[in-house]
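Fold and contact review
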Amino acid sequence: GLVSADRLARVARHRRQITAELERLATVYLSPKNAAAEVLAEFNLSPLTDGVNAKKFLRRPEITYNVIARLSPPPVALSAEVIAQVTIETKFEGYLAKQQSQVERFRRLETMPVPADFDYASVSGIRLEAKEKLAKFRPATVGQAGRIAGVNPADLSLLLVYLERHAHHAGE
């Protein structure tokens, strides 16, 4: 209820256009034949030696959406905002996937339980301050442990190794 129905419909249409264009680019094959060499020359780019997927081609730093649109025009005219978003999502797809996997890992760690009777003193390599804080606050999950002042990422990594061993030995 925070935005008007008209604005919500425009945003939904915008997202559909982005998705459709990303899907189209994933299926378009750019061939070194045809007029590709001429179009690339117009943009002062080297000609294609092999065929390439349009989406992969757009990932190249020197390639803009204008080049792709000349080589394979979209079926409908796209707004500058849609073109910008398609370009961003394509060029940063690898980074976005990496970030998403980090988010998933964080979610998994956030809820990973720490046994109530876990002996933090037995974890070698964790700094003394971190051992003391963990023993004092007794976090229920790894996520909680990571939010304790004085517990750094290296301490958490070692804690995770020990927790996985603890879980492995408990399962035997």
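Everything in this summary refers to the structure shown in the same document.

Parameters and conventions
- Residues numbered from 1 in each chain as written.
- Predicted model: local features only at pLDDT ≥ 70, side-chain atom pairs only at ≥ 80, totals over all residues.
- Heavy atoms only, no water.
- Helix = DSSP H or I, 4+ residues; strand = E, 2+ residues; numbered from the N terminus.
- Rg over C-alpha atoms; globule rule 2.2 N^0.38 Å.
- Buried < 20%, exposed > 50% of the residue type's maximum accessible area, 1.4 Å probe, protein only.
- Contact = heavy atoms within 4.5 Å.
- Areas by Shrake-Rupley, 256 points an atom, 1.4 Å probe, with all protein chains shown as cover.
- Lys, Arg positive; Asp, Glu negative; His and termini not counted.
- Charge placed at Lys NZ, Arg CZ, Asp CG, Glu CD.
- Arc of directions from axis to C-beta.
- Core = buried A, V, L, I, M, F, W, Y, C linked by side-chain atoms within 4.5 Å.

A word on the overall build of the protein chain
- Across its full length, the protein chain carries nine helices and two strands.
- Counting from the amino terminus, helix and strand elements in the protein chain follow one another as α-β-α-β-α-α-α-α-α-α-α.
- Against the compact-globule benchmark of 16 Å for 172 residues, the protein chain has a radius of gyration of 25 Å, which places it well outside the compact range.
- Expressed along its principal axes, the backbone C-alpha trace of the protein chain runs to roughly 70 × 50 × 30 Å.
- A burial count over the protein chain gives 31% of its 172 residues as buried.
- For the protein chain, restricting intrachain contacts to residue pairs at least 6 apart in sequence, the fraction spanning at least 24 positions comes to 59%.
- Carbon and sulfur atoms provide 58% of the accessible area of the protein chain, an area that totals close to 11,300 Å².
- For the protein chain, the centre of its 24 positive side-chain charges and the centre of its 19 negative side-chain charges are spaced 2 Å apart.

Here we look at the environment of Ser-31
- Tracing the backbone shows Ser-31 in the loop between strand S1 (29-30) and helix H2 (36-42).
- Overall, the relative accessible area of 21% leaves Ser-31 in the partly exposed class.
- Separated by 72 residues in sequence, Ser-31 and Val-103 have C-alpha atoms that sit 37 Å apart.
- Beyond its immediate stretch of four places on either side in the chain, Ser-31 contacts Ala-36, Leu-48 and Gly-51.

Some points on helix H7 (residues 128-137)
- Looking at H7, one finds that the buried residues are Ala-130, Lys-131 and Leu-134. Burial along H7 is one-sided: seen end-on, the buried residues are contained in an arc of 100°. Opposite the buried face of H7, at more than 90 degrees from it, the exposed residues are Leu-128 and Lys-136.
- Arg-138, located one to two residues past H7, shows a positive phi value of around 45°.

Remarks on the nonpolar core
- Leu-30, Phe-57, Ile-68 and Leu-71 are the most contacted members of the largest nonpolar core, which totals 23 residues.
- Residue assignment for this core shows that the elements contributing at least two residues are helix H1 (5-27), H2, helix H3 (54-58), helix H4 (65-71) and helix H5 (80-91).
- Here this core gets five residues from one element, more than from any other, and that element is H4.
- The next biggest cluster of nonpolar side chains, apart from the first, holds 17 residues, and it includes Ile-126, Val-142, Ile-148 and Leu-156.

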